[in-house]
Amino acid sequence: MSGRLVLALALGATVLAPLVAPTYHVLLMLPFMAYAVALLGLNLLFGYTGLVSFGHALFLGVGAYTGAFLTSVFKVRSMEVILVAAAALGALVAAPVGALCVRYVKIYFGMLTLAFGMVFYTFVLKFYRLTGGDEGMPFLRPTLLGRSIEGLPKTDYLAGPYYYYSLAVLVLATLVMWRIVHSPFGLCLKTIRDNPTKAETLGIGVARYRWCAFVISAVYAAVGGALLGPPTGNVDPTLAYWTQSGNIVFMTLLGGFASFFGPVLGAFVFIYLQDWVMSVVPFWRLIFGAILAAIVIAAPGGLAGLWVRRPSVEASSS
Amino acid sequence: MLSGVFHGSILFLVSAGLQVVFGVQKIFNLACGSFYALGAYVGVSAVGWYVGAGGPPALFIAPLAVAGLAVGAVGVPVERGLLRFVYDRDETFQLLLTFAIVLMMEDAIRMTWGTSPRSTSGLYLTYGRVGVLGTTVPVYNLIVIGASLAIAVLIGWLLTRTTFGWIIRASADNREMTEALGVDMRRLHTTVFTLGTALGTLGGALVIPATAAMSEMGIELIVEAFAVVVIGGLGSMRGAFVGALVVGVLRSIAISVYPELEMLLIYLIVIAVLVLRPRGLFGGPPA
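Caption draft 1: Looking closely at the overall build of chain B. The secondary structure content of chain B amounts to 12 helices and 2 strands. A compact globule built from 287 residues should have a C-alpha radius of gyration of about 19 Å, and chain B, at 19 Å, falls within 12% of that. Considered along the principal axes of its C-alpha atoms, chain B spans approximately 55 × 45 × 35 Å. Per-residue burial over chain B gives 56% buried out of 287 residues. Carbon and sulfur atoms provide 68% of the accessible area of chain B, an area that totals close to 11,600 Å². Charge separation in chain B, taken as the distance between the mean sites of 16 positive and 15 negative side-chain charges, equals 8 Å.

Caption draft 2: Structural context of the packing of helix α1 (residues 2-25) of chain B against helix α11 (residues 237-257) of chain B. All names here are of chain B. Between α1 and α11, the least distance of the axes is 7 Å, while the angle of their chain directions is 145 degrees. Once α1 is placed against α11, the crossing between them reads as right-handed. Touching Ser3, Gly4, Val5, His7, Gly8, Leu11, Phe12, Ser15, Ala16, Gln19 and Val20 of α1 are Met237, Ala240, Phe241, Ala244, Leu245, Val247, Gly248, Val249, Arg251 and Ser252, all from α11. Its residues assigned to classes, the contact of α1 with α11 comprises 12 nonpolar, 8 polar and 1 charged.

Caption draft 3: Molecular detail of the pattern of salt bridges. This structure, assessed with the given rule, holds 7 salt bridges over all chains. Here glutamate 106 of chain B ties to arginine 110 of chain B by a salt bridge, and the two come within 3.0 Å at their closest N and O atoms. Of this pair, glutamate 106 of chain B and arginine 110 of chain B both sit in helix α5 (residues 91-113), 4 residues apart, roughly one helical turn. In this structure, glutamate 106 of chain B and arginine 110 of chain B share a single accessibility class: buried. Beyond isolated ion pairs, a larger network of salt bridges with shared partners links Arg285 of chain A together with Glu106, Asp107 and Arg110 of chain B.

Caption draft 4: Local environment of the interface of chain B and chain A. Between chain B and chain A, the residue contacts involve 45 residues of the former and 43 residues of the latter. Regarding the contact of chain B and chain A, the summed buried area is about 4,000 Å², with carbon and sulfur atoms giving 80% of it. At the junction of chain B and chain A, the tally comes to 2 salt bridges. Glutamate 106 of chain B is paired through a salt bridge with arginine 285 of chain A; the nearest N and O atoms lie 3.8 Å apart. At the junction of chain B with chain A, the criterion picks out 5 residue pairs in polar contact (both at pLDDT 80 or more).

Caption draft 5: Representation of the packing of aromatic side chains. All names here are of chain A. On inspection of all chains with the given rule, the structure shows 24 aromatic pairs over all chains. Centroid distance phenylalanine 270 to phenylalanine 288: 5.0 Å. Interplanar angle 80 degrees. Geometry classified as edge-to-face. Separated by 18 residues along the polypeptide, phenylalanine 270 in helix α12 (residues 262-280) and phenylalanine 288 in helix α13 (residues 284-298) bring together distant segments of the chain. Here phenylalanine 288 falls in the buried class, since its relative accessible area comes to 1%.

Caption draft 6: Molecular detail of the nonpolar core. In this structure, Tyr35, Phe214 and Trp242 of chain A together with Phe28 and Leu30 of chain B are the most contacted members of the largest nonpolar core, which totals 212 residues. Residue contributions to this core peak at 18 residues, all from helix α2 (residues 23-48) of chain A. Leave out the neighbours within four places in its chain, and tyrosine 35 of chain A touches Leu60, Leu228, Leu239, Gln244, Ile248, Met251, Ala267 and Ile271 of chain A.

Caption draft 7: Inspection of the side chain of glutamine 19 of chain B at higher detail. Residue and element names in this part refer to chain B. When you line up the elements, glutamine 19 lands in helix α1. For glutamine 19, a relative accessible area of 1% gives the class buried. Within the local environment of glutamine 19, its side chain forms a polar contact with the backbone oxygen of serine 236, the two atoms lying 3.0 Å apart. Excluding anything up to four places from it in sequence, glutamine 19 contacts Val229, Gly233, Leu234, Gly235, Ser236, Met237 and Ala240.

Caption draft 8: Structural context of the confidence of the model for chain B. Considering every residue of chain B, the mean pLDDT works out to 81; 94% of them sit at 70 or more. The weakest mean pLDDT in chain B belongs to strand β1 (residues 129-132) of chain B at 72; the strongest belongs to helix α9 (residues 185-207) of chain B at 86.

Basis of the calculations
Residues numbered from 1 in each chain as written. Chains lettered and ligands numbered in written order. Predicted model: local features only at pLDDT ≥ 70, side-chain atom pairs only at ≥ 80, totals over all residues. Heavy atoms only, no water. Helix = DSSP H or I, 4+ residues; strand = E, 2+ residues; numbered from the N terminus. Rg over C-alpha atoms; globule rule 2.2 N^0.38 Å. Buried < 20%, exposed > 50% of the residue type's maximum accessible area, 1.4 Å probe, protein only. Areas by Shrake-Rupley, 256 points an atom, 1.4 Å probe, with all protein chains shown as cover. Lys, Arg positive; Asp, Glu negative; His and termini not counted. Charge placed at Lys NZ, Arg CZ, Asp CG, Glu CD. Axes fitted to C-alpha atoms, helices over the stretch in contact; angles between N-to-C directions. Left-handed = near helix turned anticlockwise from the far one by under 90°. Contact = heavy atoms within 4.5 Å. Nonpolar A, V, L, I, M, F, W, Y, C, P; charged D, E, K, R; others polar. Salt bridge = Lys/Arg side-chain N within 4 Å of Asp/Glu carboxyl O. Buried area = accessible area lost by both parts, 1.4 Å probe. Polar contact = N/O pair within 3.5 Å; in protein donor to acceptor, adjacent residues only side chain to side chain. Phe/Tyr/Trp six-rings, centres within 6.5 Å; stacked < 30°, edge-to-face > 60°. Core = buried A, V, L, I, M, F, W, Y, C linked by side-chain atoms within 4.5 Å. pLDDT = per-residue confidence, 0-100.

Set out below in structure tokens:
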């Protein structure tokens, strides 16, 4: 089966899901689509640039809290405004943070991002007057495309208009990311990942490119974070905790960081598998830890690496 | 202030375990916090059993320390069963593997001991309190501070005065050369990892009379131990010692002055250190 066909089938199934699938499973698609957006961005940094951030939950948190502040404090209910604001704030925070972090690679990069993530986490946790502390903040139901949908019951709203809205954002984010990784810019990032010294010699400003990748990935994470808010209706600091950063790196690895759609697949499998495991035994971490260990040891290419031996993203574009 | 030193001495034990593993295996072990939590739970159970068996309360620290050290043996299966497969892999995968261990350990602890906090009720003040520098502190805190200092000296002696210590330092500097000189790296890795684990579990066991064991304590401690090793410098024992004191004391000062700042202050220092001096206060040149 060609990749294109699989993709078309997956998209078709996603579009039809709310009409045929049980509401419960349709609602699970919402966090999946939100994480998928964030992971597309994370993978620009992880898979394409070779930098592993252990603090990306920071940007999920920035996006989600932006939405919470706008809807409950500033009474701005338009989802478009929220997404744009989340993206802008994500970029604004990522610009200085990224400038400091990209000076390092490997473990030091990971440690610095982790430290920044924890600064944000402790900030939202401790300044409870502003952020509600560990109880979090309400994320009120946003209007979509200027249309107020107050009349609908919550599940109808989420499984209907909001579902398609998230899907549209995901598709748009995917198209943009596809353009980015197949642009000269994306090629430069891969060069930097494979051989930073050679990239520098070729005249690529390594630090500047890494910084750009960092900021773009932060924008994606912030948009994903904002999308996570409405389904739960509440935003709390656990979203920004370091284990959350670990989980999203896990999702990326699960799906396969070497492939463009790997992280999206990873988010899907993670969310549904987690839900299924939790319905059977309460100890999902034990099982997921074992899965992660197995992937790291035996299948570093993730599910996408096991699934088909079609040429990976690098091979097809070169 | 002294409670900060107490916290610092516990932190030192865990970070010393982190450092010794990083020094030799070059793996940043996120799971050291989980070993700390494991030590805490085993400590509670050991003391519970000891008191139940009618042992004199004054000696409860003995079973506590023994249990804490003994459970460090889980380091052997963890290293043999998981970590040894990734020594030649990218650091990212090593880090993620230890994250996998964090996830598994957290639920393994929940499965064994349940989700409600466990504590050794009443034993904390067995040794009474004593006035030091105008405040009263539980004697137990002083014992732990003393024990931690003794362990610091012991580690220093081990690393600088014994053959085993020379091998550890040699392999931290140049793994291939050490191996070429006839050192069995497999055994060394297992030993060092177990040593690191035992330091973590001992730290967990010793903290337990002063606080309750909770399943989240591991993932909370790891970020503090992380701050310690960054401030002190990755792989440096002196760094772990100074870093632990800095983090412990600063935290207790921040709590009494402006509680909101508590951990925020520490992470800001971590960032400052990473940006200005990424090798930390005592870190060697990058490998």
